[in-house]
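Inside the fold
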Amino acid sequence: MRFKSLKGVQDIFPPEVFIWQHIENIAREVFQKYGYHEIRLPVIEVTDIFSRSIGETSDIVEKEMYTFEDKGGRSVTLRPEGTAPFVRAFVQHHLHNGPSPQKYYYLGPMFRYERPQAYRNRQFYQIGIEAMGSENPQLDAEAVSMLWTILKRTGLKDARLEITSIGCRLCRPEYKTALQKSIKGKLKDFCEDCRRRYKANPLRILDCKVSSCIKARKGAPAILDYLCVECGGHFNGLKHNLDLLNVSYVLNPNIVRGLDYYTRTAFEVTSESLGSQKAVAAGGRYDMLVKEFGGPQTPGIGFAIGMERLIPLIKDSVEEAQGPDLFFCPLGREASEKSFVLAEQLRAEGSWVEMNYDSSSLRSQMRKADRVNARTVIVLGEDELKKGKAVIKDMQNKKETAVALKVKDILEIIKKPS
RNA sequence: GUGAGUGUAGCUCAGUUGGCAGAGCAUCUGACUGUGGCUCAGAGGGUCGCGGGUUCAAUCCCCGUCACUCACCCCA
């Protein structure tokens, strides 16, 4: 083989692609009802956009970015996530001048240079939203509810919604110190990674899956007890609003964000059947990011659904692909040309029509019609041409109906559902 | 970046204690001169991942390498 696709990227064909369309169609439909509009952004940006917002010491920036130099000597990066480029666009085009909140959605590929494994690719796809300009927890709850609606409607079952608040720039540092204090004495009970995290990012210790760490961190202070008055009120508001919308959730104070820009609300939808990569979708609030990017103080909240995570969970609930309404089996050159023209005219009337191109036995033509799942078939030979009439066969019940070789007459028969 | 496993037909996989490369599925053709799904027959399709070594002989044994898969880290 001469050429192969790169590691961690994939080609998507039918019937797989129908599942993608199924999800995208549902998402678009739901977004529209909530007033979210599509935006299309570049997949490549100046590197600083990511390193400044996601955090210099985050894993994404430290080792997972697709970064290279372009011909002008600039450091550019394929986007590893959608929020930072969105905020760049939001600030650049002064979108805050529109009525608040501004609601947008996007779908497309993201890139992270990681070792691929189950449900994790280097080029992966997300459907995401961003709502800007209000810190009202109603907006948070609405976004979560919308996410839940989309996931349910695509066919997802057995998923779990987890929420927490990770505080703001005022209360989080305080909590961080308290956490470090409580762990300090028994640091030797933790794994090597956690001992490193202790200094660099102590919050991550809460997320460690090593059993000795889970044990050792028991009794550690919880972020929810350290929220400042404003953050606590906001979190209560979120819970209250979720209750109003009958969205059920579980509290998980150990949700940790890999990205530095998050504040307050953080949530995740997880599924145990995914194994170790169990997050299907995740999101949160980022109230300081716009300002950091040089715009006016504008709060925001967003989430992203991982397509490759969702697809395996709903695969079985998507119905099979349809076949053409009509398939022509011509016998001979003249019949072939007649079919060729009729097919084109029927398509113009809105029907899905196909024909057999290369001459072959009727038997093999019928076989092909069956294989492509055709609903009806017309056999066209010398006899039929002479009479201007043919037989149209319903492939389900094998019934044959006489029909004149005219667009109107054929349409009448294939239009009605079998 | 770390660890483990696997590379044989389009797909799923057998196989040879080292001796002409196999099955099922899929594809195409035929079994009625013009009617599909089931059945039967036939055909096409291979650098046995790649490179080296041992051997009269390597798909098989040894070394290297690449790719894929899974897990860790982390994440959607």
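These figures come from a predicted structure and were not determined experimentally.

Turning next to the nonpolar core. In terms of nonpolar packing, the biggest core is built from 61 residues, with Phe31, Phe303 and Ile305 touching the most fellow members. Per element, the largest residue contribution to this core is nine residues, and it comes from helix H5 (residues 137-154). Ignoring sequence-local partners within four residues, the contact set of Phe303 consists of Phe31, Tyr106, Ile127, Gly128, Ile129, Ala143, Met146, Leu147, Phe267, Ala282 and Gly283. Counting residues in hydrophobic clusters, the runner-up holds 27 residues, among them Ile60, Ala84, Phe90 and Tyr106.

Below, the discussion takes up the side chain of Glu308. You can see Glu308 is positioned in helix H11 (residues 307-314). Buried charge without a partner: Glu308 forms no salt bridge, and the closest opposite charge is Arg309, 7.2 Å away. Here the side chain of Glu308 touches Tyr125 through a polar contact of 3.1 Å, landing on its backbone nitrogen. In this structure Glu308 touches Gln10, Trp20, Tyr119, Asn121, Gln123, Phe124 and Tyr125, once residues within four positions along its chain are discounted.

The next subject is the environment of Phe303. Looking at the element boundaries, Phe303 is found in strand E11 (residues 300-306). In this structure, the C-alpha to C-alpha distance between Phe303 and Leu147, residues 156 residues apart in sequence, is 8.1 Å.

Within the structure shown, the criterion is met by eleven aromatic pairs. Judged by centre distance (5.8 Å) and plane angle (45°), the rings of Phe86 and Phe90 are tilted. Residue Phe86 and its partner Phe90 are both found in helix H4 (residues 83-92); the two are separated by four residues, about one turn of the helix. Its relative accessible area of 1% is what places Phe90 among the buried residues. Between the aromatic rings of Phe86 and Tyr104, the centroid separation amounts to 5.6 Å while the plane-to-plane angle is 50°, which identifies the pairing as tilted. One end of the pair, Phe86, is in helix H4; the other, Tyr104, is in strand E5 (residues 102-111), and 18 residues separate them in sequence. One exposure class covers both Phe86 and Tyr104, and it is buried.

Okay, the sheet that holds strand E3 (residues 66-69) next. Within the open sheet, the three strands sit side by side as E2-E4-E3. Their pairing is antiparallel. Since the sheet does not close on itself, it has two edges, and those belong to strand E2 (44-46) and E3, each with one partner. Here the strands of the sheet are splayed against their neighbours by 35° on average, with no regard to which way each runs. The sheet contact formed by E3 and strand E4 (residues 75-78) spans four bridges and is antiparallel. By the bridge assignment, Tyr66 is partnered in E4 with Leu78.

Around RNA strand B, a shell composed of 47 residues is seen, among which Arg112, Arg120, Arg197, Gly258 and Lys398 lie nearest. Counting only atoms of RNA strand B within 4 Å of the protein, the fraction found in sugar and phosphate groups is 50%. Between a phosphate oxygen of RNA strand B and a side-chain N or O atom of Gln117, the distance comes to 3.2 Å. Here a base nitrogen of RNA strand B sits 3.2 Å away from a polar atom, N or O, in the side chain of Lys393. Put simply, the parts of the chain that give the surface near RNA strand B at least two residues each are helix H3 (59-63), strand E6 (123-132), helix H7 (192-200), strand E10 (279-285), helix H13 (362-371) and helix H14 (382-387). In terms of residue count, the dominant contributor to the surface near RNA strand B is H13 (seven residues). For the surface near RNA strand B, a count of residues per class yields 13 nonpolar, ten polar and 24 charged.

Right, let's talk about the state of the cysteines for a bit. If you walk through the whole model with that rule in mind, you get zero disulfides. Considering cysteine sulfurs only, Cys231 is the nearest to Cys228, which forms no disulfide, with 3.5 Å between them. For Cys228, a relative accessible area of 17% corresponds to the buried category.

All right, on to the pairing of E6 then. Within E6, eight of the ten residues are buried, which leaves it mostly tucked inside the rest of the structure. Here E5 runs beside E6; their pairing, made up of ten bridges, is antiparallel. By the bridge assignment, Gln102 is partnered in E6 with Met132. Across seven bridges, the pairing between E6 and E11 is antiparallel. Bridge assignment links Ala131 to a residue of E11, and that residue is Ile301.

Here Thr83 lies in helix H4. Those residues in contact with Thr83 that lie beyond four places of it in its chain are Tyr106, Glu130, Tyr261, Tyr286 and Leu289.

Before going further, it helps to examine the domain arrangement of chain A. Splitting chain A by domain gives domain 1 (16-171 + 227-317) and domain 2 (326-413). Here the C-alpha centroids of domain 1 and domain 2 sit 50 Å apart.

The strand order across the open sheet built from eight strands is E1-E5-E6-E11-E10-E9-E7-E8, with neighbouring strands paired in mixed fashion. Across the chains shown, the open sheet's two edge strands, defined by having one partner strand only, are strand E1 (37-38) and strand E8 (250-251). By the bridge criterion, two bridges tie strand E7 (residues 160-165) to E8 in an arrangement that is parallel. Bridge pairing in E8 places Glu162 opposite Val250. The strands touched by helix H1 (residues 16-33) are E1, E5, E6 and E11; relative to E6, the strand with the most contacts, the crossing angle is about 5°. Along the sheet face, helix H9 (residues 229-244) touches E7, E8, strand E9 (263-270) and E10 and points at about 160° away from the line of E7.

Criteria and thresholds
Here the residue index of a chain counts from 1 through its sequence in written order. In the order they appear in the text, chains get letters beginning with A and ligands get numbers beginning with 1. Selection of residues for local features in this predicted model requires a pLDDT of at least 70, selection of side-chain atom pairs for listing and counting requires 80 or more, and totals for whole chains, interfaces and linings are taken over all residues. Each side-chain value is derived from all of the structure's non-hydrogen atoms; neither hydrogens nor water enter the calculation. Throughout this description, the term nonpolar core refers to a set of buried Ala, Val, Leu, Ile, Met, Phe, Trp, Tyr and Cys residues connected via side-chain atoms within 4.5 Å. Throughout, exposure labels follow a simple rule: accessible area from a 1.4 Å probe, protein chains only, divided by the maximum for the residue type, with under 20% read as buried, over 50% as exposed, and the rest as partly exposed. The helix and strand labels rest on DSSP assignments: H or I over at least four residues marks a helix, E over at least two residues marks a strand, and numbering proceeds from the N terminus. Contact between two residues is taken to exist if any of their heavy atoms lie within 4.5 Å; hydrogens are not considered. The charge count includes Lys and Arg as positive and Asp and Glu as negative, but it does not include His or the ends of the chains. A carboxyl oxygen of Asp or Glu within 4 Å of a side-chain nitrogen of Lys or Arg is what we treat as a salt bridge. Pairing of N or O atoms within 3.5 Å defines a polar contact, subject to two protein rules: one partner must be a possible hydrogen donor and the other a possible acceptor, and residues neighboring in sequence count only if both atoms are side-chain atoms. Any two rings among Phe, Tyr and Trp, with Trp reduced to its six-membered ring, count as a pair given centres within 6.5 Å; such a pair is stacked if its planes are under 30 degrees apart, edge-to-face if over 60, and tilted if neither. When DSSP finds two or more bridges between a pair of strands, those strands are recorded as paired. In this description, a line fitted to the C-alpha atoms serves as the axis of each element, helices being fitted only across the stretch in contact, and the angle between N-to-C directions of two axes falls anywhere from 0 to 180 degrees. Each residue is tested against the molecule or strand, and it is near if at least one of its non-hydrogen atoms lies within 4 Å. When residues are grouped by polarity, Ala, Val, Leu, Ile, Met, Phe, Trp, Tyr, Cys and Pro land in nonpolar, Asp, Glu, Lys and Arg in charged, and all others, Gly among them, in polar. Two cysteine sulfurs form a disulfide in these notes if their separation is within 2.5 Å. Domain limits in this description derive from either an automatic procedure or a database domain assignment.

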